[in-house]
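Coordinate analysis (summary)
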Amino acid sequence: MKPIRTEEDYHMALVRLQLLKDSKPNTAQADEYDVINILIEHYERENAPMGMPDPIESIKIFTEFFPDNEDDLDGK
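Read on for an overview of the structure. (Residues numbered from 1 in each chain as written. Predicted model: local features only at pLDDT ≥ 70, side-chain atom pairs only at ≥ 80, totals over all residues. Heavy atoms only, no water.)

1. Here's the deal with the nonpolar core
Listed in full, the 8 residues of the largest apolar core are I4, Y10, A13, L17, L20, I36, I40 and Y43. Contributing elements (two or more residues each) for this core: α1 (7–20) and α2 (28–47). Looking at this core element by element, the count peaks at 4 residues for α1. Look past the residues within four positions of Y10 in its chain and what remains in contact with it is I4, I40, Y43 and E44. (Core = buried A, V, L, I, M, F, W, Y, C linked by side-chain atoms within 4.5 Å. Buried < 20%, exposed > 50% of the residue type's maximum accessible area, 1.4 Å probe, protein only. Helix = DSSP H or I, 4+ residues; strand = E, 2+ residues; numbered from the N terminus. Contact = heavy atoms within 4.5 Å.)

2. What to know about the pattern of salt bridges
Scanning the model with the defined rule gives 2 salt bridges in all. With a closest N to O distance of 3.5 Å, D9 and K2 form a salt bridge. In this structure D9 comes out as buried when scored by relative accessible area, which is 18%. Residue class for K2 comes out exposed when judged on its relative accessible area of 54%. We note a salt bridge from E32 to R16, for which the minimum N-O separation is 2.9 Å. Of this pair, E32 sits in helix α2 while R16 sits in helix α1, and the two are 16 residues apart along the sequence. (Salt bridge = Lys/Arg side-chain N within 4 Å of Asp/Glu carboxyl O.)

And the structure:
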């Protein structure tokens, strides 16, 4: 196991995490899953910080997914 330093390392870690997701508790595989998960979280926090969304952009996205009035609900 090694630190996640590059985008390629990150993608390989995601693949490994997926392979380990059904590990039985208290096994070496479950421990590896936990460690890889921590490494991935650290990499994401350092390399892709989300931050707070722009309020205007949030409203635009919200209105795309939720109708303005009841007529929109039944497709009229």
